[in-house]
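Notes for the structure review
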Amino acid sequence: MSTIKFVKEEKEIVTALGANLREKALQNGVDIYRWRGKLTNCGGYGQCGTCIVEIAEGAENLSPKTPFEQRRLKKKPDNYRLACQVLVNGPVSVITKPK
């Protein structure tokens, strides 16, 4: 088991190892999308890039960046990830809707 802490929402959830970050956020009522992303997201297939989150702590506990993430987040800080592409393998703290 592992934990995901959503910093802005002050919510911490317990999840199985290997859980998808986007799915767990949505299942627990955590809104990861900005206004445009709510209308245009791809449903978690890794094609739109609207589910960007900032990893505050625990980046070493996440799956490696996918090639799509590497292309899409090329100009973003290294601790930005696409929630739909991330598998959680240990405790992590996440900031939703980073600037």
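For the structure itself, look to the data block above.
Every value quoted in this text rests on a predicted model; they were computed, and no experiment measured them.

**Some words on the layout of surface pockets**
What the largest pocket holds in volume is close to 290 Å³. What lines the largest pocket is a set of 15 residues, and nearest its centre among them are Arg34, Arg36, Gly49, Thr50 and Ile52. The class makeup of the residues in the lining of the largest pocket is six nonpolar, three polar and six charged.

**Examining the sheet that holds strand β5 (residues 80-82)**
Strand order in the open sheet formed by five strands is β2-β1-β7-β4-β5, and the pairing between neighbours is mixed. This sheet does not close on itself; its edge strands, each paired only once, are β2 (11-15) and β5. Neighbour-to-neighbour, the strand axes of this sheet turn through a mean angle of 35°, independent of strand direction. Note: strand β1 (residues 2-6) against strand β7 (residues 92-96), three bridges, orientation parallel. Paired with Lys5 across the two strands is Ser93, which belongs to β7.

**A few points about unusual backbone geometry**
Look at Glu10: it is not a glycine, yet its phi comes out positive at around 50°. By secondary structure assignment, the location of Glu10 is in the loop between β1 and β2.

**Digging into the pattern of salt bridges**
Counting across every chain of the model gives two salt bridges. Note that Glu69 and Arg81 form a salt bridge whose closest N and O atoms lie 2.8 Å from each other. Pair noted here: Glu69 is in helix α3 (residues 67-72) and Arg81 is in strand β5, with a separation of twelve residues, a long-range link. Comparing Glu69 with Arg81, the two get one shared label, buried.

What counts, and where the lines are drawn
Residues numbered from 1 in each chain as written. Predicted model: local features only at pLDDT ≥ 70, side-chain atom pairs only at ≥ 80, totals over all residues. Heavy atoms only, no water. 1 Å grid on protein atoms, 1.4 Å probe; cavity = no way out; pocket = protein on both sides within 12 Å on 5 of 7 lines; lining within 4 Å. Points joined across faces, edges and corners; volume = space filled by probe spheres on them. Nonpolar A, V, L, I, M, F, W, Y, C, P; charged D, E, K, R; others polar. Pairing = 2+ DSSP bridges. Helix = DSSP H or I, 4+ residues; strand = E, 2+ residues; numbered from the N terminus. Axes fitted to C-alpha atoms, helices over the stretch in contact; angles between N-to-C directions. Salt bridge = Lys/Arg side-chain N within 4 Å of Asp/Glu carboxyl O. Buried < 20%, exposed > 50% of the residue type's maximum accessible area, 1.4 Å probe, protein only.

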